[in-house]
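Single-letter residue listing:
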Amino acid sequence: MSSASDRTNDLESFDSFYRREFSGIVAIVRALVRDGAAAEDLAQDTFMSASRHWPKISGYDQPRAWVRRVAINKATSFLRWRGAEWRAVNRFGGQRGTTIPELSPAGEEVWSEVRRLPKRQAQAVVLHYVAQLTMGEIAEVMKCSTGAVKSHLSRARSTLSTTLSEWSEETS
Amino acid sequence: MNKLEQRMEDAAAEVRQVSRHAHPRDLGATRSRNSARLAFATAFVVVIAIGIIPFLTRGTDQVPLGPIGSPGSVPSTVATVPTPTTAPLPAPDLDCSAAGMPQADRQPDLPEVVATMRADIVRAATSCDYEALEALAGPQLLTNFGGGGFESFYTWRDQGDDMLDLMVSLLAMPHGLQVIEGQPDIYAWPAAFTYDSWDEIPEEELEALRELYTDEELRQSEEFFDGYALWRLGITEDGDWKFFLAGD
């Protein structure tokens, strides 16, 4: 399934695609990794990959699905491999500028709980709420069936309804 | 809209709003900036880049596989597009990262027993069937350099990152052949693992890897190992699932 905007992507330049989609990819990654600087870097990493093969990617039915999939894969890989390295960078005083403001405590708590979910549940939640994708679009990004997406979201909501309500009670 | 939905929508709106402050940088400059930043952590990188994962405890056991670049390692690139063609399974009640992912397409040049094992691993993983996976694994499976076996899969699951989707993604990539004298040949995914040096990895295979890893992770693998030393899966020519691990 491709949207009208996706179908026009094969005609647009990488630069305009990059500028239009960048903040949306940052938002997806930011929800998954917490660190604003890391989110910006991972988003740019994603677009660097896209830029290298833009002629091919721009011809895909859904180039946006491709960059979203690569972004969540890179975020997952970052968490799997690089979290400790990132902390080492901080320890050594690396320059870690970010233009992304901090989230409110309430907002940060939500994403902290989301990040505690099993990985695929967290990805489904972020793609549904942050990227505002349909079940079919999420399935395309996650390379799975819509049934699996619904299952991931259902389980995530079940967990979050408990953990976030516990948090609300503790802070009220 | 119930309270949870409202809260999720509010949190999502906020993260979208703050992310609008992020501006696309010049991509050429990004690579330099990242490299400079990460140089601060170089002393930690060798240990961390490959060995940080808590469940990958490095032991003294020798893995019965040649290192990347071993003389007996013979690449044999086969498939060209890492995209399975079979439709995803409906998986509404399954709960693992590979649930509903596509089944394995056929790859040319695989012995029947290897192709069968590969398809069975994908089928078990996408069905979240740990019993079936464990039965396929057998006692010879290596999941870390300390000799870890299938129990690592339970550990990964308990830690919230069951690794099954990564494993299925790797098995959809082109495979290579690792030849070590005196041992059964091993069919390995991704093929990148079986090249003698980083420079031999074809660009299209690197590009497929960039969909799974950050550029920095791949750069570190190149710099420290002159080869692909990240996650890979191997099946012997006899059809035994030999390893699913990372590092060197």
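Residues numbered from 1 in each chain as written. Chains lettered and ligands numbered in written order. Predicted model: local features only at pLDDT ≥ 70, side-chain atom pairs only at ≥ 80, totals over all residues.

As a further point, take the overall build of chain A. A count of helices and strands for chain A gives 9 helices and 0 strands. Along its sequence from the N terminus, chain A presents helices and strands in the succession α-α-α-α-α-α-α-α-α. Put simply, 67% of the contacts in chain A that link residues at least 6 apart link residues at least 24 apart. (Helix = DSSP H or I, 4+ residues; strand = E, 2+ residues; numbered from the N terminus. Contact = placed C-beta atoms within 7 Å.)

So, about helix α1 (residues 3-19) of chain B. Its 17 residues place the ends of α1 of chain B 24 Å apart at the C-alpha level, agreeing with the 24 Å of an ideal helix rising 1.5 Å per residue. Burial in α1 of chain B covers these residues: Arg7, Met8, Ala11, Ala12, Glu14, Val15, Arg16, Val18 and Ser19 of chain B. (Expected span 1.5 Å × (residues − 1). Buried ≥ 20, exposed ≤ 12 C-beta atoms within 10 Å, placed from the backbone.)

All names here are of chain B. Its 15 residues place the ends of helix α4 (residues 112-126) 21 Å apart at the C-alpha level, agreeing with the 21 Å of an ideal helix rising 1.5 Å per residue. Inspection of α4 places Val114, Met117, Arg118, Ile121, Val122, Ala124, Ala125 and Thr126 among the buried residues, and these make up the whole buried set. The elements touched by buried residues of α4 are α5 (130-137), α7 (164-171), β3 (186-189), β4 (232-236) and β5 (241-245). Among the residues trailing α4, cysteine 128 stands out with phi positive, at a value near 55°.

Turning next to the domain arrangement of chain A. Residues and elements named next belong to chain A. Taken domain by domain, chain A comprises domain 1 (1-101) and domain 2 (103-172). In this complex, domain 1 contributes 13 residues to the contact, which on the side of domain 2 involves 15 residues. At the level of secondary structure, the elements contributing two or more residues to the side of domain 1 that touches domain 2 comprise α2 (14-33) and α5 (63-91). Partitioned by chemical class, the residues of the side of domain 1 that touches domain 2 number 7 nonpolar, 3 polar and 3 charged. (Domains from an automatic or database assignment. Nonpolar A, V, L, I, M, F, W, Y, C, P; charged D, E, K, R; others polar.)

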